[in-house]
Amino acid sequence: MRTKVAIIGAGPAGLLLGQLLYSYGIDNVILERHTGEYVLARIRAGLLEEGTVTLLDEVGAGQRAHHDGLIHQGIELAFGGERHRIDLHGPTGKTVMIYGQTELTLDLMNARRAAGLTTIYEADHVRPTDFETDHPRVSYLKDGVTHEIDCDFIAGCDGFHGVSRASVKPEAIKTFERVYPFGWLGILSDTPPVSPELIYSNHDRGFALCTMRSTKRSRYYVQCPLDDHIDQWPDGRFWDELKRRIDQKAADTLVTGPSIEKSIAPLRSFVAEPMRFGRMFLAGDAAHIVPPTGAKGLNLAASDAHYLAQAFREYYDERSSAGIDAYSAKALSRVWKAVRFSWWMTSMLHKFPDNGPFGARIQLAELDYVVNSKVAAASLAENYVGLPF
Ligand code: APR
Ligand code: PHB
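Keep in mind that this is a model prediction, so the values were computed, not measured.

J.: Go over the overall build of the protein chain, please, and point to the residues and values.
T.: Within the protein chain one finds 13 helices and 19 strands. For 389 residues, the compact-globule estimate of 2.2 N^0.38 gives 21 Å, and the C-alpha radius of gyration of the protein chain, at 21 Å, lies within 12% of that figure. Counting only C-alpha atoms, the protein chain reaches 60 × 40 × 40 Å along its principal axes. Of the contacts made within the protein chain by residues no fewer than 6 positions apart, 72% connect residues no fewer than 24 positions apart. Carbon and sulfur atoms make up 52% of the accessible area of the protein chain, which amounts to about 16,700 Å² in all. Across the protein chain, 42 positive and 48 negative side-chain charges occur, with their mean positions spaced 2 Å apart.

Structure follows, in structure tokens:
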């Protein structure tokens, strides 16, 4: 088989890149290790920047998001028993949209199917090769038979544990990492959200977040030890702990119910540099991971897909390599700002084992400053709604 761009991974980065390329007339094939159903069963964050929604619109996959998504103009920060609103829209003119990653993935999969583009699911042993030459290839095993795709470029959109980054020789790549000493225990429940806007809570017992998927479905998180197991967290214990970590008014109005999903996720900041290796380019979680505080993971996958699609468009339409040469630096400059923001939000809101009473006071001073200084609040808002592409 031959294609212009072989994309590894059918997560948001790969699917969005595929649709953007299609809209520019650049043919592409996606290879995905799992089934489509498996990809859609992964519960992840659900907050879209306006820039991400615009990209969905650009590929004609935004209708359902506009219909079902919830537009938010602010968030709340809770600490010291009080809640304080941060206005996102006032200082930035922008909003964010609550819309689950699984829904966005489904919309992109449907758009891809409608366009008749090739996606090979359950592709085993995917291997990108020869990407340091002018004839890169991707081989894979499907139903016991080995296949090979000849292409002009490879896009590694295969997430943190993917094969693309792992195929680069170690001396060609530099990685930067911070692993946080706690995880997030999340539950999904068919109960109305406790408050119309998200509540990020700093508490002595640890961080908590009240978010949602719709007006009828809530998503809640509490910070927990990394080695906890979900069996230690029956629903009753989860709701009790959440109530203790949010302000009294929220605790009193919280509607509880059975969880329909429960999982523990570790928190990590990670960046790989560069994001280009000859004719192979990394995008999304394959190149970087952010902790979920601030919901930047999915939005970074979208901005990478945008930069990369533009670069390929320039290559094919204008016969210019300027875009592909600039991709890594351009993407990394936005990535590092989101890494900084997610790290900052995480540092300000969580209980760190080594912080001690001094660190806890510094956090409270920072929160007090952020909610009472127009300039500091505007800076939070500017990063939260998403820096421009
Ligand atoms: N071969 C083929 N496909 C692979 C391989 C492989 N060796 N390894 C991984 N994949 C697939 C995974 O099964 C997954 O469907 O690549 C896809 C990567 O998707 P994501 O992990 O969702 O990553 P990305 O598309 O970059 O989206 C980033 O996902 O993890 C969240 O917070 C993150 O919201 C952000 C978004
Ligand atoms: C979510 O809705 O799952 C979510 C929202 C905001 C975050 C993290 C997760 O910062």
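What follows continues from the structure just given.
J.: Describe the environment of Arg42, naming the residues involved and giving the relevant values.
T.: Summarising the element assignment, Arg42 is placed in the loop between α2 (36-41) and β3 (47-49). As a C-alpha pair, Arg42 and Thr102 span 60 residues in sequence and 7.1 Å in three-dimensional space. Setting aside its immediate chain neighbours within four residues, Arg42 contacts His34 and Thr102.

J.: Run through the site of ligand 2, naming residues and quoting values.
T.: Taken together, the neighbourhood of ligand 2 is formed by 14 residues, with Tyr200, Thr211, Arg213, Tyr221 and Pro292 sitting nearest. Gly294 is positioned with one of its backbone polar atoms (N or O) 3.0 Å from an oxygen atom of ligand 2. In the complex, the protein chains occlude 100% of the 270 Å² of accessible area that ligand 2 would expose alone. Where the shell around ligand 2 is concerned, the elements lending two or more residues are β14 (208-212) and β15 (218-224).

J.: Quick rundown of the side chain of Asn383? Include the residues and the values.
T.: Residue position: Asn383 is located in helix α13 (residues 374-385). Residue contacts for Asn383: discarding those within four places in its chain leaves Lys296, Arg340 and Phe341.

J.: Describe the site of ligand 1, with residues and values.
T.: Surveying the vicinity of ligand 1 reveals 24 residues, the closest of which are Glu32, Arg42, Arg44, Gln101 and Asp285. Residue Pro12 places a main-chain N or O atom 3.2 Å away from an oxygen atom belonging to ligand 1. One nitrogen or oxygen atom from the side chain of Arg44 is found 2.7 Å from an oxygen atom belonging to ligand 1. Relative to its free-state accessible area of 710 Å², ligand 1 is covered by the protein chains to the extent of 90%. Secondary-structure elements contributing two or more residues to the shell around ligand 1 are α1 (12-23) and α10 (297-318).

J.: Please give an account of the nonpolar core that cites residues and values.
T.: Grouped burial of nonpolar side chains is what soluble globular proteins tend to show. Residues Leu17 and Phe312 are the most contacted members of the largest nonpolar core, which totals 71 residues. Considering every element that reaches this core, the biggest residue donor is α10, with twelve residues. Once you skip the residues sitting within four places of it in the chain, Phe312 turns out to touch Val5, Leu21, Ile26, Phe153, Phe281 and Ile324. If you look at the next biggest cluster of nonpolar residues, it comprises 35 residues, including Ile86, Leu367, Val370 and Tyr384.

J.: Give me the lowdown on unusual backbone geometry, citing residues and values where you can.
T.: Following Glu273, the chain continues into Pro274 via a peptide bond in cis, with omega recorded as -5 degrees. Turning to its location among the elements, Pro274 is positioned in the loop between β16 (259-273) and β17 (276-277). Residues other than glycine seldom take positive phi values, yet Asp130 does so here, at roughly 55 degrees. For Asp130, the position within the fold is in the loop between β9 (124-129) and β10 (137-142). Asp130 sits in the partly exposed class, given a relative accessible area of 30%.

J.: Which residues make up a negative patch on the surface, and what values go with them?
T.: Together, Glu37, Glu122, Asp124 and Asp143 line one region of the surface with negative charge. Among the secondary structure elements, Glu37 is positioned in helix α2. Given a relative accessible area of 61%, Glu37 falls into the exposed group.

J.: Lay out the packing of helix α11 (residues 322-349) against α13 in plain terms, naming residues and giving numbers.
T.: Between α11 and α13, whose axes approach to 10 Å, the crossing angle comes to 125 degrees. When the axis of α11 is compared with that of α13, the two are oblique. Handedness of the α11/α13 crossing: left-handed. Together, Arg340, Phe341, Trp344, Met345 and Met348 of α11 and Leu380, Asn383 and Tyr384 of α13 make up the contact between the two elements.

J.: Please provide a residue-by-residue account of the pairing of strand β2 (residues 28-31), values included.
T.: A regular strand carries its side chains on alternate faces of the sheet. Of the two faces of β2, both are covered, the one formed by Asn28 and Ile30 as well as the one formed by Val29 and Leu31. Note that strand β1 (residues 2-8) and β2 share four bridges and pair parallel. Bridging across to β2, Ile8 finds its partner in Leu31. The parallel pair β1 and β2 is bridged by α1, and the resulting crossover is right-handed. For β2 and strand β8 (residues 118-120), the ladder comprises three bridges, and the chain directions are parallel. Counterpart to Ile30 in the pairing with β8 is Thr119.

J.: Run through the sheet that holds strand β13 (residues 199-201), naming residues and quoting values.
T.: Strands sit in the order β6-β5-β13-β14-β15-β12-β16-β19 across an open sheet of eight strands; the sheet is mixed. On the outer flanks of this sheet lie β6 (82-87) and β19 (288-289), each paired with one strand and no other. On the sheet, helix α8 (residues 235-245) packs against β12 (174-189), β13, β14, β15 and β16 and is oriented at approximately 80 degrees with respect to β15. Contacts from helix α12 (residues 356-372) reach β5 (74-79) and β6 within the one sheet, and its direction differs from that of β5 by about 145 degrees.

The rules we used
- Residues numbered from 1 in each chain as written.
- Chains lettered and ligands numbered in written order.
- Predicted model: local features only at pLDDT ≥ 70, side-chain atom pairs only at ≥ 80, totals over all residues.
- Heavy atoms only, no water.
- Helix = DSSP H or I, 4+ residues; strand = E, 2+ residues; numbered from the N terminus.
- Rg over C-alpha atoms; globule rule 2.2 N^0.38 Å.
- Contact = heavy atoms within 4.5 Å.
- Areas by Shrake-Rupley, 256 points an atom, 1.4 Å probe, with all protein chains shown as cover.
- Lys, Arg positive; Asp, Glu negative; His and termini not counted.
- Charge placed at Lys NZ, Arg CZ, Asp CG, Glu CD.
- Near = heavy atom within 4 Å.
- Polar contact = N/O pair within 3.5 Å; in protein donor to acceptor, adjacent residues only side chain to side chain.
- Core = buried A, V, L, I, M, F, W, Y, C linked by side-chain atoms within 4.5 Å.
- Buried < 20%, exposed > 50% of the residue type's maximum accessible area, 1.4 Å probe, protein only.
- Patch = residues over 30% accessible without salt bridge, like charges linked within 9 Å, V, L, I, M, F, W, Y side chains within 5 Å.
- Salt bridge = Lys/Arg side-chain N within 4 Å of Asp/Glu carboxyl O.
- Axes fitted to C-alpha atoms, helices over the stretch in contact; angles between N-to-C directions.
- Parallel < 35°, antiparallel > 145°, perpendicular 65-115°, else oblique.
- Left-handed = near helix turned anticlockwise from the far one by under 90°.
- Pairing = 2+ DSSP bridges.
- Right-handed = clockwise from strand over helix to strand, strands pointing away.

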